[in-house]
Amino acid sequence: MYVLGVETSCDETSVSVTLDGKVVLSNVVLSQIDIHKEYGGVVPEIASREHIKGITVVFDQAIKDANLEYEDIDLIAVTEGPGLIGSLLIGVNAAKVVSLNYNIPIIGVHHISGHIYASHIENDMQFPLIALVVSGGHTELILMKEHFSFEKLGETQDDAVGEAYDKVARVLGLPYPGGPVVDKLARSGKAEYHFPRPMIDSKDFNFSFSGLKSHVINLNHNMKQRNEEINIENFCASFQDAVTDVLVQKTIEAKNQYNVKQILVAGGVAANSGLRKKMKESITDIPVYFPNMKYCTDNAAMISIAGYHKYQKTKKVDDLMLNGSSRLNLVEEN
Amino acid sequence: MEIKKWIKSLDDTEALAKVITENLFPGFILGLTGDLGSGKTTFTKYLAKHMGIQDNLNSPTFTILKIYNNSLDLYHMDVYRLENIGYDYELDDYIYGNGVSVIEWYEYIDSMLPEDKLEINIKVLGEFKRQLVIKGKGRYEQIVKDIDNRYGN
């Protein structure tokens, strides 16, 4: 089964063709990061305009790279949410046009299910498994007992972990996106500042990063007022240590409680070197999989793979009433 | 009309959010501003709770807009990233729609907002202590009076 995946939920215009929910035949990603960089983050209206400019070229390139014709496609899988509403609508509508024109069934896919299925490209899923989803917009622990079945164990009560990185970077005067920069500085620093580990003992699987963010901001402010020199590498290392401690600890608790066979880490923050290291060091009894770097950030291959498995599970497709949604509940996807 | 109020705890935050919830109407616009960590999203959480929204409300920073469907919809926005741009026409449909718009860092898109709105400026005084400057024009003046009468701190 050839599945055409479409992803436009944020600042990447991406179209991919995969075979049987496993093999990536093409994965074209047009990134807008350089355009948004100067604004310190993705700007919705600019993102929409860039998606419109690029989308037809990206569609055609993905078909061409896969050495196929549109007529060969069996199913179109498109990200329906969550994400920037205007950006989502461009992908959804472009997908609907192709669906209508070539009479190909269409299925809407949850963006986070895509991030989780990015792992399946290189490592077969074994159930039950725990997925830690960490990105600029998400921090969630998900239990999967079978393909395309999601149970949310917990989530952030305030800021997402990637967002906390961006905001700390902003306070320290570092460029956007903050995650990779803070990670890089943290690697050459020592975790000498004491930062809290919010909710680490909360006995549930929820997270909170807003208090940690405030603590970092206050410490930075107070040190500046006292004219104390801030060692920026150590500051970043301390922040990263606090964040990864909480993420790893909660993942271990979920692993033990549900007796799972695998841990998957998904989303943009899965690229974080501190998280990769600590997760692999702390969990040695079962495999911990991180997607290949190119599948950590937004891409349509993961949407295509997730769409295939959603279709296999539900045997249902959407109609042309399919719409984008800024917030979408992953659990209701089941 | 402009008043000053103080918050000393999360209970105070909730009490204020409750008074405002009781004054909401379709098309209501609330602008919130204050430093990172001053409690803009926390305040919105309580507002959502008293509006009857059961979903967990968390930060809209990444997507700029999160829509909560409800008897009265809530459009929760964080427009910090629009600082040097000043507007985003995609948000128009919501700001001028029939729900309640809560806009964090609203001053960055002031030119696209109507003059009549409720504005809350939050200043951090201590770990939990905040000073609030609450302003309202047009039909929001009456709401500022109501807050002044019913929220005691």
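What counts and how
Residues numbered from 1 in each chain as written. Chains lettered and ligands numbered in written order. Predicted model: local features only at pLDDT ≥ 70, side-chain atom pairs only at ≥ 80, totals over all residues. Heavy atoms only, no water. Helix = DSSP H or I, 4+ residues; strand = E, 2+ residues; numbered from the N terminus. Rg over C-alpha atoms; globule rule 2.2 N^0.38 Å. Contact = heavy atoms within 4.5 Å. Areas by Shrake-Rupley, 256 points an atom, 1.4 Å probe, with all protein chains shown as cover. Lys, Arg positive; Asp, Glu negative; His and termini not counted. Charge placed at Lys NZ, Arg CZ, Asp CG, Glu CD. Pairing = 2+ DSSP bridges. 1 Å grid on protein atoms, 1.4 Å probe; cavity = no way out; pocket = protein on both sides within 12 Å on 5 of 7 lines; lining within 4 Å. Points joined across faces, edges and corners; volume = space filled by probe spheres on them. Nonpolar A, V, L, I, M, F, W, Y, C, P; charged D, E, K, R; others polar. Buried < 20%, exposed > 50% of the residue type's maximum accessible area, 1.4 Å probe, protein only. Polar contact = N/O pair within 3.5 Å; in protein donor to acceptor, adjacent residues only side chain to side chain. Expected span 1.5 Å × (residues − 1). Core = buried A, V, L, I, M, F, W, Y, C linked by side-chain atoms within 4.5 Å. Buried area = accessible area lost by both parts, 1.4 Å probe. Salt bridge = Lys/Arg side-chain N within 4 Å of Asp/Glu carboxyl O. pLDDT = per-residue confidence, 0-100.

1. Things to note about the overall build of chain A
Moving on, step 1. Regarding its fold elements, chain A presents 11 helices and 10 strands.
Moving on, step 2. In terms of C-alpha radius of gyration, chain A reaches 20 Å, essentially the compact-globule figure of 20 Å for 334 residues.
Moving on, step 3. Projected onto the principal axes, the alpha-carbon positions of chain A cover approximately 65 × 45 × 30 Å.
Moving on, step 4. Intrachain contacts of chain A at a sequence separation of at least 6 include 73% that bridge at least 24 residues.
Moving on, step 5. Entry remark: accessible area of chain A is about 13200 Å², with carbon and sulfur atoms responsible for 48%.
Moving on, step 6. Considering chain A, the positive charge centre built from 31 side chains and the negative charge centre built from 42 side chains are found 4 Å apart.

2. Some details on the sheet that holds strand β8 (residues 151-155) of chain A
Residues and elements named next belong to chain A.
Moving on, step 1. Taken in spatial order, the 5 strands make up an open sheet running β8-β7-β6-β9-β10, and their pairing is mixed. A strand with exactly one partner marks an edge of an open sheet, and here the two such strands are β8 and β10 (288-289).
Moving on, step 2. Sheet topology places strand β7 (residues 139-144) next to β8; 4 bridges connect them, and they run antiparallel. Among the inter-strand pairings, I142 is bridged to a residue of β8, identified as K152.

3. As for empty space enclosed by the protein
Moving on, step 1. Here the structure, examined in full by the defined rule, presents 1 cavity of 30 Å³ or more.
Moving on, step 2. Volume-wise, the largest cavity comes out at about 40 Å³.
Moving on, step 3. Considering only residue class, the lining of the largest cavity consists of 6 nonpolar, 1 polar and 1 charged.

4. Let's talk about the side chain of H36 of chain A
All names here are of chain A.
Moving on, step 1. Looking at where H36 falls in the secondary structure, it is placed in helix α1 (residues 33-37).
Moving on, step 2. Taking relative accessible area as the criterion, H36 reaches 1% and is therefore assigned buried.
Moving on, step 3. A polar atom in the side chain of H36 sits 2.7 Å from the side chain of Q32.
Moving on, step 4. Setting aside residues no more than four positions away along its own chain, H36 makes contact with D11, G41, V42, V43, I46 and A47.

5. As for helix α11 (residues 300-314) of chain A
Residues and elements named next belong to chain A.
Moving on, step 1. Taking 1.5 Å as the rise per residue, α11 with 15 residues should run 21 Å; its terminal C-alpha atoms sit 21 Å apart, in good agreement.
Moving on, step 2. Burial of α11 is extensive: 11 of the 15 residues sit out of reach of the surface.
Moving on, step 3. Listing the buried residues of α11 in full gives A300, A301, M302, I303, S304, I305, A306, G307, Y308, H309 and K310.
Moving on, step 4. Sitting at the head of α11, N299 places a side-chain oxygen 3.1 Å from the backbone nitrogen of A301.
Moving on, step 5. Positive phi appears at K315, one or two residues downstream of α11, with a value of about 55°.

6. Concerning the nonpolar core
Moving on, step 1. Of all hydrophobic cores here, the largest spans 55 residues; its most connected members are I20, F28, L118 and I147 of chain B.
Moving on, step 2. Considering every element that reaches this core, the biggest residue donor is helix α2 (residues 40-51) of chain B, with 5 residues.
Moving on, step 3. Beyond its immediate chain neighbours, meaning those up to four positions away, F28 of chain B contacts I20, N23, G99, V100, S101, L118, Y140 and I143 of chain B.
Moving on, step 4. Of all hydrophobic cores here, the second largest spans 49 residues; its members include A164, V182, V246 and I283 of chain A.

7. Some words on the interface of chain B and chain A
Moving on, step 1. Chain B puts 27 residues into the contact, and the matching count from chain A is 30 residues.
Moving on, step 2. The junction of chain B with chain A conceals about 2500 Å² of combined surface from both sides, 54% of it contributed by carbon and sulfur atoms.
Moving on, step 3. Inspection of the chain B/chain A interface yields 0 salt bridges.
Moving on, step 4. Between the two partners, chain B and chain A, sit 12 residue pairs in polar contact (both at pLDDT 80 or more).
Moving on, step 5. In terms of residue count, strand β3 (residues 65-68) of chain B provides more of the side of chain B that touches chain A than any other element does, 4 residues in total.

8. Here's the deal with the confidence of the model for chain A
Moving on, step 1. Confidence along chain A averages 94 in pLDDT terms, with 99% of residues attaining 70 or more.
Moving on, step 2. Ranking the elements of chain A by mean pLDDT puts α1 of chain A last with 83 and strand β1 (residues 2-7) of chain A first with 98.

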